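# A look at the structure
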Amino acid sequence: MGYFKNIAEGGSNGANVSVANSGGISGDAFDTIVVNNAAVNAGKAAITYASSAALAGALGFKLIPKASSSYLRWTDPTPASRGGVRRSYKHVAAPGAQTELCSIRVVGGGPLSDSAGAAAGAVVVAPTGGSAAHTAGTTHSASIFTPAVGTTYQVELHVEKGTTTTDGKVWFRVYSADGATVLHTWTATNVNTRSSNPYQYRWGGATTTATGWSDDQFDSLQAGALESGYFSQLSDAARVLDV
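Treat the numbers as computed from the prediction; the structure is a model and nothing was measured. (Residues numbered from 1 in each chain as written. Predicted model: local features only at pLDDT ≥ 70, side-chain atom pairs only at ≥ 80, totals over all residues. Heavy atoms only, no water.)

Okay, the sheet that holds strand β3 (residues 38-39) next. Here we have 8 strands laid out as an open sheet, ordered β3-β2-β6-β15-β8-β9-β10-β11, and antiparallel in their pairing. Strand pairing shows two members of the sheet lacking a second neighbour, β3 and β11 (138-139), which therefore form its edges. Note that strand β2 (residues 32-35) and strand β6 (residues 71-75) share 3 bridges and pair antiparallel. Looking across to β6, one finds that Thr 32 is bridged to Arg 73. (Pairing = 2+ DSSP bridges. Helix = DSSP H or I, 4+ residues; strand = E, 2+ residues; numbered from the N terminus.)

In this structure, Phe 61, Leu 157 and Trp 203 are the most contacted members of the largest nonpolar core, which totals 44 residues. Setting aside its immediate chain neighbours within four residues, Leu 157 contacts Gly 83, Gly 84, Val 85, Ile 104, Gly 121, Ala 122, Val 123, Ala 133, Val 170, Trp 171 and Phe 172. (Core = buried A, V, L, I, M, F, W, Y, C linked by side-chain atoms within 4.5 Å. Buried < 20%, exposed > 50% of the residue type's maximum accessible area, 1.4 Å probe, protein only. Contact = heavy atoms within 4.5 Å.)

Our focus in this paragraph is the pattern of salt bridges. As enumerated under the stated definition, the model contains 5 salt bridges in all. Of the charged contacts, one joins Arg 73 and Asp 31 as a salt bridge, the two residues approaching to 3.6 Å between their closest N and O atoms. Of the two residues, Arg 73 sits in strand β6 while Asp 31 sits in the loop between β1 (3-6) and β2, which places them 42 residues apart along the sequence. On the basis of relative accessibility, which here comes to 29%, the residue Asp 31 falls in the partly exposed class. Arg 87 is paired through a salt bridge with Asp 216; the nearest N and O atoms lie 2.8 Å apart. Of the two residues, Arg 87 sits in strand β7 (residues 82-91) while Asp 216 sits in strand β16 (residues 216-218), which places them 129 residues apart along the sequence. Each member of the pair Arg 87 and Asp 216 is classed as buried. (Salt bridge = Lys/Arg side-chain N within 4 Å of Asp/Glu carboxyl O.)

For the protein chain, the average pLDDT comes to 94, and 96% of its residues sit at 70 or higher. Here residues 236-243 is a poorly scored stretch, pLDDT under 50, and it has 15 contacts once near neighbours within four places are set aside; other chains count. (pLDDT = per-residue confidence, 0-100.)

Aromatic ring pairs are reported here in terms of the distance separating the ring centres and the angle at which the planes meet. Counting across every chain of the model gives 11 aromatic pairs. Pairwise contacts between aromatic rings join Phe 4, Phe 30, Tyr 49, Phe 61, Trp 74, Tyr 201, Trp 203 and Phe 218 into one cluster. One Lys or Arg, Arg 82, reaches over the ring of Trp 171 and ends 4.1 Å from the middle of that ring. For the cation-ring pair, Arg 173 lies above Tyr 230, with the distance from its terminal atom to the ring centre recorded as 3.9 Å. (Phe/Tyr/Trp six-rings, centres within 6.5 Å; stacked < 30°, edge-to-face > 60°. Lys NZ or Arg CZ within 6 Å of the ring centre and 35° of its normal.)

Written out as structure tokens, the structure is:
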């Protein structure tokens, strides 16, 4: 089972993020960078290192939305049946349309004949401003957390594949900015989370047509397979189980 973490400390303020410069002291390198729905692994100004985006340390990532999706991606070399993603999020305004902050994609196949790269789960922000868990095309209203404008949070989502459209499992949490205080938890065991293993994790996804945001800023990224529980804070780096 693969595990990924990245704290953005290996770049320099204003520099384009590339696959080559995303590892080192930052943590694990991304394997793909997409801007406006096209791979730009050598970097492009739409995704940069930024001191203004730092959650911890000196730097974070800043994404300037384009007409189509832009994101940083990591692929798990040893996917398992359950996978999760975690990132920081500063709530600046309600978007004009539902906007993805991070997502979990599947290998494809399984009892439901999933398409390769289909979204099993995502953290989204609704036009009302609430952040929520979204699985396989459904935004779960019961999961909504209403953030305060100008406040930074950490959001975390895990999904476990099902065998039908009604037996997948999902776990969603919102933390304070330092990741220490749990502000909101929602789980479900009867949703569609696809039926093949999670293996790709994306950070970003905001578009100009959907959001109206000038940028999306994030830091302290984690992703990968975890048998149960949630990721720990990156300050201590290890993973913990929460039973």
